Amino acid sequence: MTKTVYVLNGPNLNLLGTREPEIYGHATLLDVEKLCRDTAGKHGLTVEFHQSNHEGELVDLIQKARAEKAAGLIINPAGYTHTSVAILDALMTMEVPVIEVHISNVHAREPFRRHSYVSRVARAVICGFGVSGYALAIAGLAGMIDSKD
């Protein structure tokens, strides 16, 4: 039985490739999705890939991942990283590993970006590797999932 990993992306990540490329690079969200699917396939995983600009929709997707017994969840909450108790509360219900990903090094940016509600429940945080951070997250998550079997 194939194990499914959810990869969730927050607001404005649909603009990857065109929004502040000096910070986020030139890869598009479609490029990120392909990277995630390719990397997951190498680890025997499948991916449910989603992006939303709406906090409640991200909460619904987290709850869906829980209900469908996802093997793990990777989230780039984007701007909601620093503001969303609702996303934190939803993630706290997950019984599988959660990995937080950021494309840029949030610690080298504005001070408000250094606080993350999500980090409180994340098993690991990856930032500053560009979109390659997603591949690192999937590889790390695969190792966590395998160690549970």
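Parameters at a glance
Residues numbered from 1 in each chain as written. Predicted model: local features only at pLDDT ≥ 70, side-chain atom pairs only at ≥ 80, totals over all residues. Heavy atoms only, no water. Helix = DSSP H or I, 4+ residues; strand = E, 2+ residues; numbered from the N terminus. Core = buried A, V, L, I, M, F, W, Y, C linked by side-chain atoms within 4.5 Å. Buried < 20%, exposed > 50% of the residue type's maximum accessible area, 1.4 Å probe, protein only. Contact = heavy atoms within 4.5 Å.

**Some details on unusual backbone geometry**
(1) Moving on: The backbone of E20 shows a phi angle near 40°, a positive value even though the residue is not glycine.
(2) Moving on: Considering the arrangement of structural elements, one finds E20 in the loop between strand 1 (3–9) and helix 1 (21–24).
(3) Moving on: Even without a glycine there, the phi angle at K69 is positive, about 55°.
(4) Moving on: Tracing the chain through its elements places K69 in the loop between helix 3 (55–67) and strand 3 (72–76).

**Observations regarding the nonpolar core**
(1) Moving on: Counting residues in each nonpolar core, the largest one holds 28 residues, and the members touching the most others are V7, V32, I74, I99 and Y134.
(2) Moving on: Elements supplying a minimum of two residues to this core: strand 1, helix 2 (29–42), strand 2 (45–51), strand 4 (98–102) and helix 5 (132–148).
(3) Moving on: Among the elements that line this core, the one with the most residues is helix 5, at seven residues.
(4) Moving on: Other than its neighbours up to four places away in sequence, I74 contacts V5, Y6, V7, L8, I99, V101, A137, I138 and L141.
(5) Moving on: In terms of nonpolar packing, the next biggest core, distinct from the first, is built from 18 residues, Y6, A65, Y80 and V118 among them.

**Things to note about the environment of H26**
(1) Moving on: You can see H26 is positioned in the loop between helix 1 and helix 2.
(2) Moving on: We classify H26 as exposed; its relative accessible area is 64%.
(3) Moving on: Here the alpha-carbon distance between H26 and N76, two residues 50 residues apart in the chain, equals 17 Å.
(4) Moving on: Dropping the residues within four chain positions of it, H26 is found in contact with G17, P21 and D31.

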